[in-house]
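Examining the three-dimensional arrangement
What follows is each chain in one-letter form.
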Amino acid sequence: MKVASMRWSRGSRPIGAGSIILGFAAGLGLAGCTGAATGPGGNSGTGATGTGATGTGATGTGTTGTGATGTGATGLGGAAGPGSGGGNTGTGNAVVTGSGGAGGAVVYPSGGPAPTALPIRRLTNAEYTLAVRDLFLKQVQPDGTVYGEFAVPIPTFIPDQKVFGFLNLSSSQTASQVLMEQYEGAAQLVTLGDGQTPQVWTGVAANPTLLTGCDVTKKSELLCAQPYLYDLAKRAYRRVLTATEKTSLWALFMNPAGGTYNNRLALAIEGILISPNFIFRPEIGDATKVVTPGVLSLTPWELATRLSFFINGSMPDTALTASADSGALSNVAEVKAQAQRLLALPRSQANLVKMHEQWLGIDTINSLTKNASAFPNFTSTLAAEMGQETRTFITNVMFTQNGTFNDLLLSPYTFANADIAKVYGVASTSTDLSVFSKVDLNPAQRMGLLTQPSLMATLAKDSPVQDIGTAIRRGKFVLQQILCRAVPEPSAAITSTFKPLDLTVNTRAQAKTHETTPTCAVCHTAIDPLGLPFEKYDMVGQWREMDKGVAIDVSGQIGDAGTNANPIAFNGIPALAALVAKMPETRACYLQQWFQFSTGKLLAPPDQSYLDWLATNFTSTQKLVDLVVNLVASDSFRQLKVVQ
């Protein structure tokens, strides 16, 4: 039976009770936030104009000069440059002109540029599951009474869609009718159980005394149910309830058609779990705290929600909620302190490691398969162990070692169990497959994330013979995920010219056809020189020396973005890792991943000034945890751009 047809039909539930729940949604306008944000101006050029609020520059508050190469507009604290024609430093809003002057450098306020517009976000499947679990974890009343200690099963939803690798981007979060029905089914699962005979999971409402911490046979429904439901809704909505919401929630519980006490509790809890206030993350801002026209501070509860879902992957915990309730979270020092506290939690660390898995595209490695005849030792167990290796490595770099971005790319070690050690051809320190111990690797062969088997196996084709297709995938990965360069898909015209590969020759020889076909060369002159050096790693990430009886040539080169001009040569992937680690383009691309994961939106031109500001502190020595703290302490993270 479809969930929709089951609505309010279980037990003694009224058929029409759903209309009361729908009233919750009508009580709150979930307005989306859209619009353009101000950006930096004052760059010399051929007429490019930036728009931004005038700030305080190094020499005062002013506008940039008008030089021969272009016209600079008012910038964020842009200081006017002296021109050979006698331009002087601007003061106030005066315009200074110099015949040869260049635009002043952008100077941001300490908290960075103003926020850009962000969309309303829906909880991902993983966020929903964790949030529901957290709602029914053990709670302790002031008198010491323990309640709500339930292990809620994981509901089933249609999969979240990936956008540029991430599952939490708003552009993929359309709430379909099927998903809404699944939310209703999930709410019924939580409250009433799995419906099996006999029931394996009976639901939270089956034990109302444990659920609420109050025995209704000794106290009234008002004393037992009302405090519990108001507290549950406050935690679920991640803010203080309005008087109207309290009235509606209590009316839902008190509806006599709801039946028994247990069923009416279940009905009210279902109403909370299918409310848009729980499923979505609306942000209205604090109307009493106007930062600048069109920009508000987030309320403490909205900020707590942003902070928690970004770092922890779930709703705010007790300590973060208390900080929001007290108003302390309005202080940037408290935001940093809460971020640092969350970063020390194992679940937060797992969530941010998951961000890296999605960026690398290895988050689905457990389902990876390889041709059994070519790689008989590649099993689902080995695939899962490869994923665990990478997760352990990232966790160590980011949290145990308190390391940097360079450490992710350049560390010549890994964490291996006995199976992974065999892939590397090194000795294992334990026969216990659950133990992943630190193993030093040959730096001439292995260095950081780019040479790990999880990535190499994921980027390889599933075929009996390694061919140019694997090199292409790996080259595109470097361009798209490491450098954030666009790689167009082959056109229909190019596809029609494809011919079967000559598998009797090695991969580099197969790539020669790309050089002789102009339509192919447009893209492959950038892709192939980055992909072919990966040929030393086979389709499960093992090191190899020969390809079709020929020694593998690992020479490659990387050119400028867009033009592929000014190529820089390298020899082998460790050398490529060292090269890209120094490139500002690589670091900017990594920051883009953090931006998209934390905001749930794709990078747009108005957002560039924020990334530029983050980049000013993102040096080769900045710790990754400090990058996260710097991000959440920024004005852009703590404020909201309001659409008029």
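Above this text sits the structure in question.
Note that the structure is predicted; figures quoted are calculated from it, not measured. (Residues numbered from 1 in each chain as written. Predicted model: local features only at pLDDT ≥ 70, side-chain atom pairs only at ≥ 80, totals over all residues. Heavy atoms only, no water.)

Here we look at the overall build of the chain
- A count of helices and strands for the chain gives 26 helices and 15 strands.
- In the chain, which comprises 644 residues, the share counted as buried stands at 53%.
- For the chain, restricting intrachain contacts to residue pairs at least 6 apart in sequence, the fraction spanning at least 24 positions comes to 68%.
- Just so you have it, the chain exposes about 27,200 Å², and 59% of that area is on carbon and sulfur atoms. (Helix = DSSP H or I, 4+ residues; strand = E, 2+ residues; numbered from the N terminus. Buried < 20%, exposed > 50% of the residue type's maximum accessible area, 1.4 Å probe, protein only. Contact = heavy atoms within 4.5 Å. Areas by Shrake-Rupley, 256 points an atom, 1.4 Å probe, with all protein chains shown as cover.)

Regarding the packing of helix 5 (residues 221–237) against helix 7 (residues 261–273)
- Direction vectors running N to C along helix 5 and helix 7 enclose 20°, while the axes themselves pass 10 Å from each other. Classed by the angle they form, the pair helix 5 and helix 7 counts as roughly parallel. Crossing angle aside, the handedness with which helix 5 passes helix 7 is right-handed. Between helix 5, through Glu 221, Cys 224, Ala 225, Tyr 228, Leu 229, Leu 232, Ala 233, Ala 236 and Tyr 237, and helix 7, the contact on the second element is made entirely by Tyr 261, Arg 264, Leu 265, Ala 268, Ile 269, Gly 271 and Ile 272.
- Looking at side-chain class alone, the contact of helix 5 with helix 7 contains 13 nonpolar, one polar and two charged residues. (Axes fitted to C-alpha atoms, helices over the stretch in contact; angles between N-to-C directions. Parallel < 35°, antiparallel > 145°, perpendicular 65-115°, else oblique. Left-handed = near helix turned anticlockwise from the far one by under 90°. Nonpolar A, V, L, I, M, F, W, Y, C, P; charged D, E, K, R; others polar.)

Some words on the side chain of Glu 389
- For Glu 389, the position within the fold is in helix 13 (residues 380–400).
- Put simply, Glu 389 is tucked away with no salt bridge, and the nearest opposite charge, on Arg 446, sits 7.3 Å away.
- Once residues within four sequence positions are removed from consideration, Glu 389 is found in contact with Thr 414, Phe 415, Ile 420, Tyr 424, Phe 436, Gln 452 and Pro 453. (Lys, Arg positive; Asp, Glu negative; His and termini not counted. Salt bridge = Lys/Arg side-chain N within 4 Å of Asp/Glu carboxyl O.)

Brief notes about the environment of Leu 249
- Locating Leu 249 in the fold gives a position in helix 6 (residues 243–254).
- Measuring from C-alpha to C-alpha, the distance between Leu 249 and Gly 271 comes to 7.9 Å, with 22 residues separating the pair along the chain.

Details of helix 11 (residues 332–343)
- Between its first and last C-alpha atoms helix 11 spans 16 Å; for twelve residues at 1.5 Å apiece the expected length is 16 Å, and the two agree.
- The elements touched by buried residues of helix 11 are helix 9 (300–311), helix 10 (318–326), helix 12 (346–360), helix 13, helix 25 (624–632) and helix 26 (635–638).
- Its side-chain oxygen placed 2.7 Å from the backbone nitrogen of Ala 333, Asn 331 serves as the N-cap of helix 11. (Expected span 1.5 Å × (residues − 1). Polar contact = N/O pair within 3.5 Å; in protein donor to acceptor, adjacent residues only side chain to side chain.)

So, the state of the cysteines
- With the rule as written, the count across this model stands at two disulfides.
- The partner cysteine of Cys 214 in its disulfide is Cys 224, sulfur to sulfur 1.9 Å. Taking the sign of the S-S torsion, about -60° here, the bridge from Cys 214 to Cys 224 comes out left-handed. One end of the pair, Cys 214, is in the loop between helix 4 (208–212) and helix 5; the other, Cys 224, is in helix 5, with ten residues separating them in the sequence. An identical accessibility class is assigned to Cys 214 and Cys 224; each is buried.
- Across the disulfide, Cys 484 is cross-linked to Cys 589 (sulfur-sulfur distance 2.0 Å). Judged by the torsion about the S-S bond (75°), the Cys 484/Cys 589 disulfide is right-handed. Of this pair, Cys 484 sits in the loop between helix 17 (468–482) and helix 18 (492–495) while Cys 589 is found in helix 23 (residues 584–599), placing the two residues 105 residues apart along the sequence.
- With no disulfide of its own, Cys 520 has Cys 523 as its nearest cysteine by sulfur position, at a separation of 8.8 Å.
- The class for Cys 520 is buried, based on a relative accessible area of 9%. (Disulfide = S-S within 2.5 Å.)

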